[in-house]
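Residues per chain are reported as follows:
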Amino acid sequence: GAGVSQSPSNKVTEKGKDVELRCDPISGHTALYWYRQSLGQGLEFLIYFQGNSAPDKSGLPSDRFSAERTGGSVSTLTIQRTQQEDSAVYLCASSFPTGLGAFFGQGTRLTVV
Amino acid sequence: DAKTTQPPSMDCAEGRAANLPCNHSTISGNEYVYWYRQIHSQGPQYIIHGLKNNETNEMASLIITEDRKSSTLILPHATLRDTAVYYCIVRNTGGFKTIFGAGTRLFVKA
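Bear in mind the structure is a predicted one, so any value in this text is a computation, not a measurement.

Caption draft 1: Here's a closer look at the overall build of chain A. Counting its secondary structure elements, chain A contains zero helices and eleven strands. Whereas a compact globule of 113 residues would reach a radius of gyration of roughly 13 Å, chain A reaches 13 Å, a difference of no more than 12%. When the backbone C-alpha atoms are referred to their principal axes, chain A occupies close to 40 × 25 × 25 Å. Relative to its full complement of 113 residues, chain A shows a buried share of 46%. Across chain A, every contact between residues at least 6 apart in sequence was considered, and the portion connecting residues at least 24 apart equals 54%. Within the structure as shown, chain A displays about 5200 Å² of accessible surface, and the carbon and sulfur contribution to it stands at 48%. Each charge class in chain A can be summarised by its mean position, and for the 10 positive and 10 negative side chains these summaries are 2 Å apart.

Caption draft 2: Expanded view of the sheet that holds strand S7 (residues 65-69) of chain A. Residue and element names in this part refer to chain A. Pairing is antiparallel in the open sheet, where four strands are placed in the order S1-S3-S8-S7. Bordering the open sheet on either side are strand S1 (5-7) and S7, each of which pairs with just one other strand. Between one strand axis and the next, the sheet turns through 15° on average, direction left out of account. Examined bridge by bridge, S1 and strand S3 (residues 19-24) share three bridges and lie antiparallel to one another. Residue pairing across strands places Gln-6 opposite Cys-23, the latter belonging to S3.

Caption draft 3: Structural detail: the pattern of salt bridges. All names here are of chain A. Counted by the stated rule, this structure contains five salt bridges over all chains. Asp-24 is the partner of Arg-22 in a salt bridge, and the nearest nitrogen-oxygen pair spans 3.7 Å. Using a relative accessible area of 38% as the deciding quantity, one classes Arg-22 as partly exposed. What makes Asp-24 partly exposed here is its relative accessible area of 28%.

Caption draft 4: Fine view of the interface of chain A and chain B. The interface is formed by 22 residues belonging to chain A together with 17 residues belonging to chain B. Applying the counting criterion to the chain A and chain B interface returns zero salt bridges. Inspection of the chain A/chain B interface yields three residue pairs in polar contact (both at pLDDT 80 or more). Going through the elements one at a time, strand S4 (31-37), strand S5 (44-50) and strand S10 (103-104) of chain A are the ones with two or more residues in the side of chain A that touches chain B.

Caption draft 5: Just the environment of Ser95(A), in detail. Residues and elements named next belong to chain A. Residue placement: Ser-95 occurs in strand S9 (residues 88-95). The exposure class assigned to Ser-95 is buried, which follows from its relative accessible area of 0%. Sequence spacing of Ser-95 and Ser-9 is 86 residues, and the spatial spacing of their C-alpha atoms is 21 Å.

Caption draft 6: Highlighting the state of the cysteines. Enumeration according to the criterion identifies two disulfides over all chains in this entry. What pairs with Cys23(A) in a disulfide is Cys92(A), and their sulfur atoms sit 1.8 Å apart. Taking the sign of the torsion about the S-S bond as the criterion, the disulfide between Cys23(A) and Cys92(A), at about -65°, is left-handed. With Cys23(A) in strand S3 and Cys92(A) in strand S9, this pair connects stretches of sequence that are 69 residues apart. For the residue pair Cys23(A) and Cys92(A), the accessibility class agrees, reading buried in each case. Residue pairing for Cys22(B): its cysteine sulfur links by disulfide to Cys88(B), the two sulfurs lying 2.1 Å apart. Measuring the twist about the S-S bond at about -80°, one finds the Cys22(B)-Cys88(B) disulfide to be left-handed.

Basis of the calculations
- Residues numbered from 1 in each chain as written.
- Chains lettered and ligands numbered in written order.
- Predicted model: local features only at pLDDT ≥ 70, side-chain atom pairs only at ≥ 80, totals over all residues.
- Heavy atoms only, no water.
- Helix = DSSP H or I, 4+ residues; strand = E, 2+ residues; numbered from the N terminus.
- Rg over C-alpha atoms; globule rule 2.2 N^0.38 Å.
- Buried < 20%, exposed > 50% of the residue type's maximum accessible area, 1.4 Å probe, protein only.
- Contact = heavy atoms within 4.5 Å.
- Areas by Shrake-Rupley, 256 points an atom, 1.4 Å probe, with all protein chains shown as cover.
- Lys, Arg positive; Asp, Glu negative; His and termini not counted.
- Charge placed at Lys NZ, Arg CZ, Asp CG, Glu CD.
- Pairing = 2+ DSSP bridges.
- Axes fitted to C-alpha atoms, helices over the stretch in contact; angles between N-to-C directions.
- Salt bridge = Lys/Arg side-chain N within 4 Å of Asp/Glu carboxyl O.
- Polar contact = N/O pair within 3.5 Å; in protein donor to acceptor, adjacent residues only side chain to side chain.
- Disulfide = S-S within 2.5 Å.

Spelled out as structure tokens, the structure:
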């Protein structure tokens with residue numbers, strides 16, 4: 001596609017429910033990154049994929065968070081048993097293998113009520 | 001990846017040049033300087049990057065000091081639409097975990 005696509009754009013969920021967020025990277029970009037941004041805060045790195053493998057999961061805040069990527073393309077970020085502190089905008093970015101010039105999607109705004 | 005330091009906020013008059021500074025005194029030889037910006041409610045947008053030479057593109061110019069310990073992003077003729085948070089990041093090509101700090105909130109005023 002022309003850019004990084006994320007869905008849904010907005011998600012409201014009840015505390016304790018599981019959610020899945022999807023990222024469709026730019027075609028040909030093998031590197032994919034997930035970040036989250038709480039209201040008024042900077043970006044927090046979550047996880048990075050090179051192809052289908054995730055060499056760096058150091059940013060995942062708890063074991064309730066997981067991510068996978070299949071076919072070297074689409075990635076899903078899953079949050080189990082959501083908590084109110086999980087409310088944030090979740091941003092996905094992709095780039096060529098060198099990592100130069102990563103391009104971001106518009107994010108998924110997650111609200112846990 | 002090296003840490004960067006930026007002022008929390010800056011003002012600029014519309015039509016004037018906006019000069020956004022960034023300190024990266026611990027930068028290593030293979031680390032690039034990147035600039036992104038984030039307009040309210042949008043994902044970050046790539047602006048420019050450089051290694052040691054000054055760079056210019058259709059959006060901005062990047063001036064890197066000779067010792068590479070600081071840089072300046074220049075928006076030559078700022079418009080109201082340039083109001084955003086500007087992030088300065090240093091990273092190497094093998095470093096895929098881009099660390100975003102708090103950035104500089106630029107206010108362009110009419």
